[in-house]
Amino acid sequence: MQRNIRLILLALILTFACSQLAWAAFPTISNKENKSSRPRFDIYTPQLSGARSGDAQSVINKSLNAVSEKMLADYRQATNYIYQESRDSERNANLMKALVLIVNYDVKLLNQNTFSIVQQGYMYSGGAHGMTTTIAKTFNLDTGREYKLADLFDNEDYEREISAIIRKEIVNRDKQNVYRFTGLQNNQAFFITKEGLFIYFQQYEIAPYSEGIITFFIPYSSLSGFKSEIIYGKIQ
């Protein structure tokens, strides 16, 4: 009888220990690489592993893969005619050597609750210059849900507040005559870190090409109504 009790207690202890280890497991990011030399592309796609929810992890990886796949499809469409004619035209053959797509990523925030990442692609498909595209995504690691900017706040005044901060920063940068900022856009692009919120705009979106990707950093201390549980606790 006592032996059976000890076995039951041991089983309960092991079950509890395993559950704690699973809870403490920290998600990680690995590379999925896709390369070609003609036309040249180097694509590094992030792959999430170790999330508490396998279903959420699958949803997130599918979304990350879709970004790389879209960039590659756009590149192939833009360069296909050059590739097809490169055998018959010396000019296109030389241009073919200059074509390139490079896709990489930068993890901005990763904990047990939230994953914020930037995937960036540089494409040269002919013409005067290449183009850089930045795609940021922020996910709930328990559900796989991708957050929109509105999801980060529990008040409806966040747009006015953020826009006012951006306008002030534009003045500080002395770019009033360069940036054409009229307010936050529908599905405004953003990412988050431990330190704060970043709002960004693609090339040509609010300024000339020469200004590049334009980013505004807003510390959490400057934002009212930000849901801190997105970073430090659960939110559905």
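Scope of this entry: the structure provided in the associated data block. (Residues numbered from 1 in each chain as written. Predicted model: local features only at pLDDT ≥ 70, side-chain atom pairs only at ≥ 80, totals over all residues. Heavy atoms only, no water.)

**Brief notes about the sheet that holds strand β8 (residues 214-219)**
Phase 1 of the analysis: Spatial strand order, β6-β7-β8: three strands in an open sheet with antiparallel pairing. Each having just a single partner strand, β6 (190-192) and β8 make up the two edges of the open sheet. Each strand of the sheet is rotated relative to its neighbour by a mean of 20°, with strand direction disregarded.
Phase 2 of the analysis: Pairing of β6 with strand β7 (residues 196-201), which is carried by three bridges, proceeds in the antiparallel orientation. (Pairing = 2+ DSSP bridges. Helix = DSSP H or I, 4+ residues; strand = E, 2+ residues; numbered from the N terminus. Axes fitted to C-alpha atoms, helices over the stretch in contact; angles between N-to-C directions.)

**Focus on the nonpolar core**
Phase 1 of the analysis: The biggest cluster of nonpolar side chains holds 27 residues, and the ones touching the most others in it are L149, L152, F153, I162, I192, L197 and I199.
Phase 2 of the analysis: Among the secondary structure elements, those contributing two or more residues to this core are α4 (158-172), β6, β7, β8 and α5 (229-232).
Phase 3 of the analysis: No other element matches α4, which puts four residues into this core.
Phase 4 of the analysis: In this view, L197 contacts L149, L152, F153, I162, F190, F191, I192, F216, F217, I218, Y220 and L223; residues no more than four positions away in its chain are not counted.
Phase 5 of the analysis: Counting residues in each nonpolar core, the second largest holds 14 residues, with F41, I43, V67 and L101 among its members. (Core = buried A, V, L, I, M, F, W, Y, C linked by side-chain atoms within 4.5 Å. Buried < 20%, exposed > 50% of the residue type's maximum accessible area, 1.4 Å probe, protein only. Contact = heavy atoms within 4.5 Å.)

**Notes on the pairing of strand β2 (residues 40-49)**
Phase 1 of the analysis: Of all the 10 residues making up β2, eight are buried; the element is thus mostly covered by neighbouring parts of the structure.
Phase 2 of the analysis: As judged from the 10 bridges shared by strand β1 (residues 28-37) and β2, these two strands associate in the antiparallel manner. Within β2, the position partnered with K32 by the bridge is T45.
Phase 3 of the analysis: Linkage of β1 to β2, two consecutive antiparallel strands, is achieved through a turn of two residues.

**Observations regarding the environment of Y147**
Phase 1 of the analysis: Inspection of the secondary structure puts Y147 in the loop between β5 (131-140) and α4.
Phase 2 of the analysis: What makes Y147 buried here is its relative accessible area of 4%.
Phase 3 of the analysis: Here the alpha-carbon distance between Y147 and I230, two residues 83 residues apart in the chain, equals 9.8 Å.
Phase 4 of the analysis: A distance of 3.1 Å separates a polar atom in the side chain of Y147 from a polar atom in the side chain of N140. (Polar contact = N/O pair within 3.5 Å; in protein donor to acceptor, adjacent residues only side chain to side chain.)

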